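One-letter residues, chain by chain:
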Amino acid sequence: DIEKDLAAKLNDDDIEKVLLRIDAVNKVKRLKLANCVNITGAGLEPLWGSLIIEQIDLSLVGEHQNPIIYPEPPISCNHVLPILDSVIASE
């Protein structure tokens, strides 16, 4: 888990560098990126085709919190869905 204040400061480059450094595609089962409101999802690229990953938490707000965030977060289906599709296709 990432502290909320730190999570809000992380960007895609930060996420990508960490995932590459730890060889996440081969080692990470659960990735919790809750409250990472400054990512588009492009930083998840190192997970492409992972056979190990089981869960990715990209939630932007906690349970029972207002789901409206301003400014609107940059998370993009165009970045995230192809990566998730590659994981599913690898199973």
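Draft legend 1. Highlighting unusual backbone geometry. Note the cis peptide between Y70 and P71, where omega equals -5°. Here D23, not a glycine, exhibits a phi torsion of approximately 55°, which is positive. By the element assignment, D23 lies in the loop between α2 (12-21) and α3 (24-27). Residue classification places D23 among the partly exposed positions, given a relative accessible area of 29%. Unlike most non-glycine residues, N35 shows phi in positive territory, near 70°. Relative to the assigned elements, N35 resides in the loop between β1 (30-32) and β2 (55-57). Relative accessible area serves as the criterion here: at 17%, N35 is assigned to the buried category.

Conventions used here
- Residues numbered from 1 in each chain as written.
- Predicted model: local features only at pLDDT ≥ 70, side-chain atom pairs only at ≥ 80, totals over all residues.
- Heavy atoms only, no water.
- Helix = DSSP H or I, 4+ residues; strand = E, 2+ residues; numbered from the N terminus.
- Buried < 20%, exposed > 50% of the residue type's maximum accessible area, 1.4 Å probe, protein only.

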